[in-house]
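Below are the chains, spelled out letter by letter.
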Amino acid sequence: MNTQINSCFKNSFFFLITLFFALKASAQEPIKVFILAGQSNMQGHGEMEKGEKGNLNWVVNNDKTGKYKNLRDANGEWAKRDDVYIHATDKFDSIKSGKLSAGYGAYATTIGPELEFGRVVGDQYGNKVLLIKTTWGGKSINVDFRPPSSVSDSGYVSLPSKPKDTGYYYVKMLSNIYEVLDNLHDYVPDYNGEGYEISGFAWHQGWNDRVNKEANKAYEENLVHLIKDVRSDLGTPTLPFVIATTGMKGWEDKDPRALSIMNAQLAMANYPEFKDNVSVVDTRDFYKERADSPANQFYHWNRNAESYLLIGESLGKAMVDLKAKQTASNVIQPIRNVARYDSDFLTPTPPVGWNSWNAFEKDIDENKIKQIADIMVSSGMRDAGYKFLVLDDAWMAAERNENGQLVADSIKFPNGMKAVGDYIHSKGLKYGIYECRGDLTCQNLPGSFEHEEIDMQSFADWGVDYIKLDACFAKKNGRLSSEDFDVYHKAILKTGRPMVLSISDFGSGAWAWGGKNYGELWRTSGDIFPRIQSVYRCAETSGGNGAIHPAFNGLWQFAGPDSWNDPDMLQVGNLKSITEDKVHFSLWSILAAPIMAGNDLREMSDEVKNIITAKEVLAINQDPRTHQGYRVYEKDSIEIYNKPLSDGTTAVLMLNKGEKIADITVLWEQIGLAGKQPVRDLWLEKDLGEFNESFTAKKLGKHEHLLIKVGTIGSPLVAGPTPITEDKYTVSKSGTTYLSDIYYMAKKGNAPVEDKTFHGEKIKIGRKKFSKGLGVKSNAEMMYRLNGRADRFQATVQMDRSSPKDSIGRFQVMVEEKFGGRVLFDSGKMKRGDKPVEIDIDVKDLEFILLDFSGKKVFGNWGDPKVISNK
Ligand code: GLA
């Protein structure tokens, strides 16, 4: 179990799970992350070697106090700190990362404030510290770094997509930060999944906001918005924020616009809302005379290294003081988690997010998606665990470009799909997109068939993290699903970007044919609709007999990290009542189903929000043991499900699907427990007391349910059920195997009746009675696993006498499933009373065959369906 747990949780915000981790990993302190952001001055232009006076070499050599001696190591080289790491992005040397030392300025030959800032916080906080430095020179906060809330109440008017667009560098800054946070194991050696705390933010910029009057005037207000937006986008409402004023000529600077910027910066500390959480360092004392400059440049602090050392030191000290104040008043920054560096899984627990289809269908555009992203943050959904924002069908233009690439619909997404991704990333969310493996999507837009590599590459270039791949028109491809998905899987690997692949195939048996070799989740059902019966039908494909032989009791044994049974996206918020919305959410939770919210978040009521963010309910879905719930009782519209959890307890769903009010009792023996056990109501988040041997949910009305947790945390794990062994669903012996003696692994339509007609009578075909067979009602598709063991398939088929007069049915045998379109046998249209047809066909080396009976409410019989194996 430990390996499962340890490999969990990439890039996520799951607070509950975080808590669980925090407890588990309490021996290891989370990494402290400080963000250093801004413009040229934060980039850093303090010369290390260049010139004579005022460079770093000179400063260290002339240092009387000994303060800087640790900047060199025993060999006289620039020293590297073992406990402070840095990741720096900017337009000059692009990404640099490693142990903190001199050389992380704008160039490898310069320093900025990071060097001394890192020393101060490194000395103070021991353990591991990471500095994320994200800077671009020559920018202003009135345009480039303009924070969304300073543009309008609803943020940017249009998504920034290129340099000079309003907010372009604000978005880039935030997405940079998240990119590093999501991949800590790449930047912090020995990162062990101990999580991180965004500990503070330091801002230092140059003079671009004084260049024009308008920018100058708006500066103070822009800065206030910057602080607020950064905090909200990082999910840290009281994040300590330190600002170093924009010094130009020290105290001599009398330029009114320079003074106005500095005064605006100094004013931040006096805002009542920023008391004890923002602090400003006046840098004018750190100005060094031009004569001491290693380079003849009057701005960028004359490129004097000492100025940058002093600025960094004072920013570091201001940060430490601010944090001490916050500690004294018990202000706590949340602790987040990231996967361990050796995580093998893209989705160690079911993916959680929002998808556009159920809310908007084709009617999506940039503005709506931006609003959704904003609400995912402001509503608390992101912090509750909603990580993916997925754009479904109809984002693309009707034509590819001249290079054969997909392009955005230019009216809906005028700034292109990369801008959408950047914005989503800047909110700490992951970017999901839709395509289809047919030549067209389900909405008749360009599909990816025969453009697999080029499309996956476009997605990677746009920063996509999650691909929903649909199946409309894919039957024309002539490829089995496994062959089709192999192409996509390889195309994704070729891009080098990890992207989750969601198999959307209307529930065509991916758990059987090996979906987990190519993707991370697969549909188990047809499309869900906003009606409770549709919700139940979809749930039944994953949790019941809707899509597999009843002996399996649902698909639970095929679920686990990167292998999720997907009964389709949520209709929570779109159903008739809160009772229905709740039962939907509980079902998806207990079935460890991917949670893709599908409501219009812009109109979400508090009640609905409380459902989809219900902490304890979501935690059941995300439990790191990853055991899918299974049904332990079903009768007269009453159902009970059980999901054994990682903490020694188990979650139980008691559901009344019927019309009559009912009491529902779960016996401890049904859920692997005994004796006296504590019970907690997961919706009320309330302990209900201890109960002996059973618990009764009283008076549950129509569609009402109770979701409880039973048992004591820390007890030995509650045992789950025993999986069905392979020999029961696989041809595994030589000689004859009747298909009615093994379990089909996937089913669509009506379940067959084994060894009887559909009505339960003895099968009679012609004059012959068959003790083995399958009685079917159209439509009925069953997939059987031959495992390459069988040589021939034989059967006798005929329409059942009970079929209506003149009705037509058709028997087909296909390779694996319908997508390949590989028909091995076709009876053609058969009428009631037509003569039996004998089948004897070659099935050598096949992994699966599909028996299909189609027609309109007609009945048929497969007599003696069997395979003969010579192996
Ligand atoms: C199919 C899928 C749906 C949705 C639509 C989009 O029906 O199953 O989830 O993606 O296509 O056209």
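Quick summary incoming for the structure in this document. Quick caveat, the model's predicted, so the values are computed rather than measured.

### Regarding the sheet that holds strand E11 (residues 352–355)
In step 1: On the basis of which strands lie adjacent, the open sheet formed by eight strands has the order E17-E16-E15-E14-E13-E12-E11-E18 and parallel pairing. Where the open sheet ends on each side, the last strands, each with one partner, are strand E17 (564–566) and strand E18 (595–597). Each strand axis lies, on average, 25 degrees off the axis of its neighbour in the sheet, ignoring direction.
In step 2: Strands strand E12 (388–391) and strand E13 (430–436) of the sheet are contacted by helix H15 (residues 416–426), whose axis makes an angle of about 145 degrees with E13.

### Things to note about the state of the cysteines
In step 1: Inspection of every chain in the model, using the stated rule, returns one disulfide.
In step 2: No disulfide involves cysteine 436; its nearest neighbouring cysteine sulfur is the one of cysteine 442, lying 4.9 Å away.
In step 3: Owing to a relative accessible area of 0%, cysteine 436 belongs among the buried residues under this scheme.
In step 4: Of all cysteine sulfurs, the one in cysteine 442 lies closest to cysteine 538, which takes part in no disulfide; the gap is 15 Å.
In step 5: Assessed through its relative accessible area of 4%, cysteine 538 is described here as buried.

### Focus: helix H5 (residues 114–125)
In step 1: Compared with the 16 Å implied by 1.5 Å per residue over 12 residues, the 16 Å span of H5 between its first and last C-alpha is a close match.
In step 2: For H5, a buried count of nine out of 12 residues is recorded, marking the element as mostly surrounded by other parts of the structure.
In step 3: Glycine 126 sits one or two positions beyond H5 and adopts a positive phi of about 50 degrees.

### Focus on the pairing of strand E8 (residues 241–244)
In step 1: What you see with E8 is no split at all: Phe241 and Ile243 on one side and Val242 and Ala244 on the other are buried throughout.
In step 2: Inspection of the sheet shows strand E7 (residues 196–204) paired to E8 by four bridges, in the parallel sense. Across the sheet, histidine 204 pairs through a bridge with alanine 244, a residue of E8.
In step 3: Here E8 pairs with strand E9 (residues 278–281) via four bridges, running parallel. Its bridge partner lying in E9, valine 242 is registered against serine 279.

### A look at the pairing of strand E14 (residues 466–470)
In step 1: Of all five residues that make up E14, five are buried, and the element is covered over most of its length.
In step 2: Residues Tyr466, Lys468 and Asp470 line one face of E14 and the alternating positions Ile467 and Leu469 line the opposite face, and both faces are buried.
In step 3: Of the pairings in the sheet, the one linking E13 to E14 comprises five bridges and is parallel in character. Paired with cysteine 436 across the bridge in E14 is aspartate 470.
In step 4: Relative to strand E15 (residues 500–503), E14 runs parallel, the two being bridged by four bridges. By the bridge assignment for E15, leucine 469 is matched with isoleucine 503.
In step 5: The handedness of the E14 to E15 crossover, carried by helix H17 (residues 481–495), is right-handed.

Rules used in this analysis
- Residues numbered from 1 in each chain as written.
- Predicted model: local features only at pLDDT ≥ 70, side-chain atom pairs only at ≥ 80, totals over all residues.
- Heavy atoms only, no water.
- Pairing = 2+ DSSP bridges.
- Helix = DSSP H or I, 4+ residues; strand = E, 2+ residues; numbered from the N terminus.
- Axes fitted to C-alpha atoms, helices over the stretch in contact; angles between N-to-C directions.
- Contact = heavy atoms within 4.5 Å.
- Disulfide = S-S within 2.5 Å.
- Buried < 20%, exposed > 50% of the residue type's maximum accessible area, 1.4 Å probe, protein only.
- Expected span 1.5 Å × (residues − 1).
- Right-handed = clockwise from strand over helix to strand, strands pointing away.

Nothing here speaks to function; it is all geometry.
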